[in-house]
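A closer look at the structure
Listed below, chain by chain, are the residues.
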Amino acid sequence: MSTPAAIAIGCSAGGVDALKAVLGGLDAKLSQAILVCLHSRSDTVDMLCQVLKRISALPVVEAIERDAVQSGVIHLAPPGYHLLVESDLHFALSIDPRVNHARPSIDVLFYSVAEVWRDALIGVILTGANADGAAGLRRIRQLGGVAVVQSPSDAEATAMPQAALEVAGADYCVPLSDIAPLLNRLCLA
Amino acid sequence: MNDIKVDAPELDSIELDLFVQALQKRHGYDFSEYAPASLKRRLRLLADQLHCKTITGLTERVLHEPQLLPNVLEGLTVPTSEMFRDPAVFRTLREKVFPLLASYPLINIWQAGCAHGQEVYSLAILLEEAGLYDRSQIFATDLSDRALQRASEGIYSVKDAQQWSRNYQAAGGTHSLADYCSAGYKLIKLNQRLRRHVTFALHNLAIDGVFCEAHLILCRNVLIYFSDPLQDRALALFRDSLVRGGFLCLGLRENLNPSHAAQDFSPFIESARIYRLPTQAEGAHA
């Protein structure tokens, strides 16, 4: 694979704690764009932004429609919309129907970024209670990207990482505490 | 032949371009200024539904089976909405915008991209409860015939009604949503009296011109599917359709790229994405 240009992370149930562990452990020197899709019932990601800002060495912002994807910045998908990335590296939003009962859907994000960054992408699936993200992770691998999945036995909700392993497989399947060090190693190598 | 990559990155955009050209040349619908990421996704879903292996397969059917056009248009514009989606926005319209609209003897409202009409009925209910409906006219437009047909029927799944009812209450509704519809086993039908001041009409923001003189335009989550130049075109159309001091309401996460037309609008209630043209007095020096 090429040097990664971006990391896309998906999770649902138990995702806030898992994101704290992963994003809190990322190196401040990372120059990758980081895109996060968390299933949430909330109407805003303001609270989540605040929480993650406190523990992350990298800036945390909500992804804004039509704005450029920024390197070294963590972008959160806004609630109620699917998040996509255009080939000119700008964000796009959609209110197309839910996918796997979710909007934002991890599959929609992963399909889109897989085609933009191809082998310069790392896809990460963390804890979650449904199979969203599995097909998207398979697409990431098909196009040469790297797949990282949290060990199901280690996840608060096992369905999502389990489905990802079954549908996509993984280049790395590791416990939560190992994910940030792994990403740092892959990105700073 | 082995050196030809099945998944070459440019293959997708070639197929997408060819489809868009075919649709335009064969049927006159121009999607060339739609933002590619969502368009490509919708085309793939549509290709799947119509049992085409590739987007090129879909292109062939669009060229040779004109009867598919309504399906294709519906698939490319995927109408999804709910009644009183983002209740705070409807509450803001009721509390902050309607009192200003009330000064006009006749109130024209343009709902651009009305899809299946959920917001048209939401708006009609809101106007009814504000005592303004009998001097209002709602122009509800869409580029899809089939969407307009569905919108004018006002029939929706009963599954959605519970959420819509909660939305209605949160929007400050003064009755009960059930008062405005009849419910069957699986479907609800909106009271057709709500349609008495609604005109449904075909209009395509990508090619058509000014539609009416409006005091308020609602166009929520439509422009998110447009490229920057097409967003600019639509905003210019809205500007030219609105009276001085007229209002524009966009979707909650929409971002006005600092285009020419966007600069003519000032935020009125930014949190609800409601914008306004300058009033007569403010505009005098311009």
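For clarity, every value in this text was computed on a predicted model and none was experimentally measured.

On to the interface of chain B and chain A, then. You'll often see interface size given as the accessible area lost when the parts meet. Contacts between the two partners involve 29 residues from chain B, matched on the other side by 26 residues from chain A. Counting the surface lost from both chain B and chain A, the interface buries some 2200 Å², and carbon and sulfur atoms represent 41% of this. By the criterion of area lost to chain A, the three top residues of chain B are R41, R253 and N255 of chain B, representing 31% of everything that side buries. Linking chain B with chain A are six salt bridges. In this structure, R66 of chain A and D228 of chain B form a salt bridge, with 2.7 Å as the shortest nitrogen-oxygen distance. Connecting chain B to chain A are 15 residue pairs in polar contact (both at pLDDT 80 or more).

Between R103 of chain A and P104 of chain A the backbone carries a cis peptide bond, its omega angle lying at 10°. Inspection of the secondary structure puts P104 of chain A in the loop between strand 6 (91-94) and helix 3 (106-117). A positive phi angle, close to 55°, is found at N100 of chain A, a residue other than glycine. One can find N100 of chain A in the loop between strand 6 and helix 3. Residue N100 of chain A is classed as partly exposed on the basis of its relative accessible area of 31%. We note that D86 of chain B has phi near 55°; this positive angle belongs to a residue other than glycine. Inspection of the secondary structure assignment puts D86 of chain B in the loop between helix 4 (69-77) and helix 5 (87-101).

Take the sheet that holds strand 7 (residues 214-219) of chain B next. Residue and element names in this part refer to chain B. Taken together, the seven strands give an open sheet; going across it, the order is 6-2-1-7-8-10-9, and neighbouring strands pair in mixed fashion. A strand with exactly one partner marks an edge of an open sheet, and here the two such strands are strand 6 (198-202) and strand 9 (266-269). Across this sheet, the average inter-strand angle for adjacent strands is 25°, counted without regard to direction. On top of the sheet, helix 5 reaches strand 1 (107-112), strand 7, strand 8 (242-250), strand 9 and strand 10 (274-276); it is set at about 105° to strand 9, its chief contact. Its contacts with the sheet put helix 9 (residues 228-241) on strand 1, strand 7 and strand 8, and the angle it makes with strand 8 is roughly 140°.

Okay, the pairing of strand 8 of chain B next. All names here are of chain B. Counting buried positions over the nine residues of strand 8 gives eight, a clear majority of the element. Pairing between strand 7 and strand 8: five bridges, direction parallel. Within the sheet, the bridge partner assigned to C219 lies in strand 8 and is L250.

What follows covers the pattern of salt bridges. Applying the stated criterion across every chain yields a total of 24 salt bridges over all chains. Between R139 of chain A and E115 of chain A there is a salt bridge, with the nearest N and O atoms lying 3.2 Å from each other. One end of the pair, R139 of chain A, is in helix 4 (residues 134-142); the other, E115 of chain A, is in helix 3, and 24 residues separate them in sequence. For the residue pair R139 of chain A and E115 of chain A, the accessibility class agrees, reading buried in each case. Salt bridges here are not isolated pairs; linked through shared partners, they connect E115 and R139 of chain A together with D12, K40 and R44 of chain B.

Averaged over all residues, the pLDDT of chain B equals 92, while 95% of them reach at least 70. Considering only residues more than four positions removed or in separate chains, one finds that residues 1-6 of chain B, a stretch of pLDDT under 50, has one contact.

Right, let's talk about the packing of helix 1 (residues 15-24) of chain A against helix 6 (residues 176-188) of chain A for a bit. Each packed pair of helices is defined by two parameters, the angle between the axes and the distance between the axes. Residues and elements named next belong to chain A. Remark: helix 1 packs on helix 6, axes separated minimally by 8 Å, with the N-to-C direction vectors making an angle of 35°. Every pair of crossing elements has a handedness; the one defined by helix 1 and helix 6 is right-handed. When helix 1 is examined against helix 6, the residues A18, A21 and V22 are found in contact with a partner set consisting of L176, I179, A180 and L183. Partitioned by chemical class, the residues of the contact of helix 1 with helix 6 number seven nonpolar, no polar and no charged.

Residues and elements named next belong to chain B. Going through the model one piece at a time under the given rule, you end up with 11 aromatic pairs over all chains. Between F84 and Y168, the aromatic rings sit 5.4 Å apart at their centres with planes inclined by 65°, giving edge-to-face as the arrangement. Taken together, the residues F84 in the loop between helix 4 and helix 5 and Y168 in helix 8 (residues 158-170) connect sequence positions 84 residues apart. The same class applies to F84 as to Y168, namely buried. Plain terms: the ring middles of Y168 and Y180 are 6.3 Å apart, the flat faces sit at 70° to each other, and that makes the pair edge-to-face. Of this pair, Y168 sits in helix 8 while Y180 sits in the loop between helix 8 and strand 4 (181-183); the two residues are 12 residues apart in sequence, bridging distant segments of the chain. Classification of Y180 as buried rests on a relative accessible area of 9%. Aromatic ring contacts, followed pair by pair, group F84, F90, Y168 and Y180 into a single cluster.

Residues and elements named next belong to chain B. When the domains of chain B are assigned, the result is domain 1 (9-77) and domain 2 (87-283). Each of domain 1 and domain 2 has a C-alpha centre, and the two are 28 Å apart. Residue-level contacts link 14 residues of domain 1 with 12 residues of domain 2. Summing both sides of the interface, domain 1 and domain 2 together bury roughly 1200 Å²; the carbon and sulfur share of this comes to 54%. Per-residue buried area on domain 1 facing domain 2 is highest for E33, Y34 and E74; these three make up 42% of the total on that side. At the surface where domain 1 touches domain 2, the tally comes to one salt bridge. With a shortest N-O distance of 3.6 Å, E74 and R146 are connected by a salt bridge. Applying the counting criterion to the domain 1 and domain 2 interface returns four residue pairs in polar contact (both at pLDDT 80 or more). Going through the elements one at a time, helix 2 (36-49) and helix 4 are the ones with two or more residues in the side of domain 1 that touches domain 2. With five residues, helix 4 is the single largest residue contributor to the side of domain 1 that touches domain 2. Partitioned by chemical class, the residues of the side of domain 1 that touches domain 2 number six nonpolar, four polar and four charged.

Procedures and definitions
Residues numbered from 1 in each chain as written. Chains lettered and ligands numbered in written order. Predicted model: local features only at pLDDT ≥ 70, side-chain atom pairs only at ≥ 80, totals over all residues. Heavy atoms only, no water. Contact = heavy atoms within 4.5 Å. Buried area = accessible area lost by both parts, 1.4 Å probe. Salt bridge = Lys/Arg side-chain N within 4 Å of Asp/Glu carboxyl O. Polar contact = N/O pair within 3.5 Å; in protein donor to acceptor, adjacent residues only side chain to side chain. Helix = DSSP H or I, 4+ residues; strand = E, 2+ residues; numbered from the N terminus. Buried < 20%, exposed > 50% of the residue type's maximum accessible area, 1.4 Å probe, protein only. Pairing = 2+ DSSP bridges. Axes fitted to C-alpha atoms, helices over the stretch in contact; angles between N-to-C directions. pLDDT = per-residue confidence, 0-100. Left-handed = near helix turned anticlockwise from the far one by under 90°. Nonpolar A, V, L, I, M, F, W, Y, C, P; charged D, E, K, R; others polar. Phe/Tyr/Trp six-rings, centres within 6.5 Å; stacked < 30°, edge-to-face > 60°. Domains from an automatic or database assignment.

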